[in-house]
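Results of the structural survey
Listed below, chain by chain, are the residues.
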Amino acid sequence: MDHLHTAVRQQAMRTLAQMSKAGMLLEGKRKSLLEACFRKVFLLPPDAAGQCQDSFLYFGTLDAMDILLESLVLSSPGHRLLKRILQMLLPFTDTKHAAVCERAVARIVKLAELMARYPSVQIWSLLGHDDSSSHHGTINNCFLGQLLGHLIVCRSSKVWEIQQEALLALHHLCRYIQQQKCMTSPEDDPELPQGGGKTEAGKYSCICLCSTRDTAKAFEEYLHPADKTFILLRAIEAMKDSHACDEEELISIVNVAEEEPASWLTEVPVITRCIYKNLQHISAASARHSLNLLLISMAKQYPREMILSLTDISAACDSGAQAMWEVLLSHPLILVEVLRELNSNLQHLQLCWPFRFHRVEACIRLLVLLVSSDVTPEEFARRYHVQKSQLHPRLFSPMLQSLVTLSQSSDRVSRAQSSEAVLASWGWAGGNAVA
């Protein structure tokens, strides 16, 4: 592991800063030089300050990096290098590595403070909102959401120093956004979300004193849906690391999205895949419950997109996909819509699912019968008797789950229970044949 014994790093960064001010630093070399500086400083041992013979050596090295970053930003035309530097810093803000994260977030604090001191560049141009198409396009175009997502997750860190650095960075970003809002009128940029009328001073105090949930709420009025999506994705990903972040703080971000699906849950395929990728690594019951509510909220707001997205990831037939289907099939208020969407998208299912498709179709059509008001239990039993040989055993568990859900709905209790009794009498229980 690398150690800090001399002032070589410090002197090198101060020299680079002077070269930048003098215009002697080749533009093509900036990225590789910065990457080397970040690795050599951020990846020092966690107790690097204590290992130095002189603690001023460690803090002097960090100060030299701040001087270098400021000189690079101020010497670049229109401060365009600022976005690139911030992008390079974000991978180091992983809360699993506390010392590395703290050092990186502290550099973001310095840059955010610099932004607040030099508000000469429109924030939408600087952070990826210079093209109106980015407002409604891929989340990759929305760097403001990426930056806030990383900082808000750091705000939930269990390490006090990281919390405070992240909070300070958010404070400076809020100042900068407020300044840009004052400089940009609706006539100048009709795509710019308008604030809700709180005073600038009130905003600052809110950011400094509020919870992670309120921090997300404080920024949401300035964000486009794709930005909010990235914040949500970071919160879901961070739920895997319950030892590093406050679980309840992360859940509060998910709750904000669940409560306002029209603006937070527009990127249904991206969010669905993120939940799928992380669900099996999230063990806390409260966190999994919050994700279940998020799935239900997406299914209510965007049923077709939800079903198609979940169908796409279900080809693996693993426990993660099964758990997500069970959430949708266990909720009485959305079950009918879920089954109707499945029935109307049979062709898409045929392309995605690995089962012999005539069995899939037979199962889905029987499920749809369960929610048809004009089908009696006797008619359902007759249809099942004709088609039971076509059903795939793996698909029978969702059918019984749907029956259980229907039995919770008062207007379908007798029909659902009667149908379930018929199936049980034929030797099915819990999706398995009874010997």
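Refer to the structure presented above.
The paragraphs below set out a description of the structure included in this document. This is a predicted model, so every value here is computed, not measured. (Residues numbered from 1 in each chain as written. Predicted model: local features only at pLDDT ≥ 70, side-chain atom pairs only at ≥ 80, totals over all residues. Heavy atoms only, no water.)

1. Topic: the overall build of the protein
Helix and strand content of the protein: 24 helices and two strands. A burial count over the protein gives 52% of its 435 residues as buried. Sequence-distant contacts, at least 24 apart, represent 73% of the contacts inside the protein between residues at least 6 apart. Accessible surface, the protein: about 19,500 Å² in total, of which carbon and sulfur atoms supply 52%. (Helix = DSSP H or I, 4+ residues; strand = E, 2+ residues; numbered from the N terminus. Buried < 20%, exposed > 50% of the residue type's maximum accessible area, 1.4 Å probe, protein only. Contact = heavy atoms within 4.5 Å. Areas by Shrake-Rupley, 256 points an atom, 1.4 Å probe, with all protein chains shown as cover.)

2. Observations concerning the packing of helix H16 (residues 285-301) against helix H18 (residues 319-329)
Interaxial distance between H16 and H18 falls to 10 Å at its minimum, and their mutual angle equals 60°. Classified by the angle their axes make, H16 and H18 are oblique. Between H16 and H18 the crossing geometry is right-handed. Contacts between H16 and H18 involve Arg288, Asn292, Leu295, Ile296 and Ala299 on the former and, on the latter, Ala323, Met324, Val327 and Leu328. Class assignment for the residues of the contact of H16 with H18 results in seven nonpolar, one polar and one charged. (Axes fitted to C-alpha atoms, helices over the stretch in contact; angles between N-to-C directions. Parallel < 35°, antiparallel > 145°, perpendicular 65-115°, else oblique. Left-handed = near helix turned anticlockwise from the far one by under 90°. Nonpolar A, V, L, I, M, F, W, Y, C, P; charged D, E, K, R; others polar.)

3. Description of H16
The end-to-end C-alpha distance of H16, which contains 17 residues, comes to 24 Å, matching closely the 24 Å that a straight helix rising 1.5 Å per residue would cover. Within H16, the full set of buried residues consists of Ala287, Ser290, Leu291, Leu294, Leu295, Ile296, Ser297, Met298 and Ala299. (Expected span 1.5 Å × (residues − 1).)

4. Here's the deal with the side chain of serine 252
Tracing the sequence through the fold places serine 252 in helix H13 (residues 247-259). Those residues within four positions of serine 252 in sequence are excluded, and the remaining contacts are Thr212 and Arg213.

5. Digging into the environment of threonine 6
Inspection of the secondary structure puts threonine 6 in the segment before helix H1 (8-21). Note: C-alpha distance between threonine 6 and tyrosine 58 (52 residues apart in sequence) is 9.4 Å.

6. What about the environment of alanine 17?
Note that alanine 17 resides in helix H1. The buried category is assigned to alanine 17, whose relative accessible area is 1%. Residues alanine 17 and serine 71 lie 54 residues apart in sequence; the distance between their C-alpha atoms is 5.8 Å. Contact partners of alanine 17, with chain neighbours within four places excluded, come to Ile67, Leu68 and Ser71.

7. Quick look at the packing of aromatic side chains
Geometry of an aromatic ring pair is reported as the spacing of the ring centres plus the angle between the planes. Considering all chains together, one arrives at four aromatic pairs under this definition. Taken together, a centroid distance of 6.1 Å and an interplanar angle of 70° make the contact between phenylalanine 38 and phenylalanine 92 edge-to-face. Of this pair, phenylalanine 38 sits in helix H2 (residues 30-42) while phenylalanine 92 sits in the loop between helix H5 (81-89) and helix H6 (98-117), and the two are 54 residues apart along the sequence. Comparing phenylalanine 38 with phenylalanine 92, the two get one shared label, buried. Between phenylalanine 42 and phenylalanine 92 the ring centres are 5.1 Å apart and the planes differ by 65°, which places this aromatic pair in the edge-to-face class. (Phe/Tyr/Trp six-rings, centres within 6.5 Å; stacked < 30°, edge-to-face > 60°.)

8. Some details on the pattern of salt bridges
A full pass over the atoms with the stated rule returns eight salt bridges. Here aspartate 241 makes a salt bridge to lysine 96, at a shortest N to O gap of 3.8 Å. Pair noted here: aspartate 241 is in the loop between helix H12 (225-238) and H13 and lysine 96 is in the loop between H5 and H6, with a separation of 145 residues, a long-range link. Using a relative accessible area of 12% as the deciding quantity, one classes aspartate 241 as buried. The residue glutamate 220 makes a salt bridge to lysine 217 at a minimum N-O spacing of 3.1 Å. Residue glutamate 220 and its partner lysine 217 are located together in helix H11 (residues 212-220), separated by three residues, close to a single helical turn. Judged by its relative accessible area of 11%, glutamate 220 falls in the buried class. Taken together, the shared-partner salt bridges in this structure form one network comprising Asp94, Lys96 and Asp241. (Salt bridge = Lys/Arg side-chain N within 4 Å of Asp/Glu carboxyl O.)

9. Structural notes on the environment of valine 327
Here valine 327 shows up in helix H18. Sequence-distant contacts of valine 327, defined by excluding residues within four places in its chain, comprise Asn292, Leu295 and Ile296.

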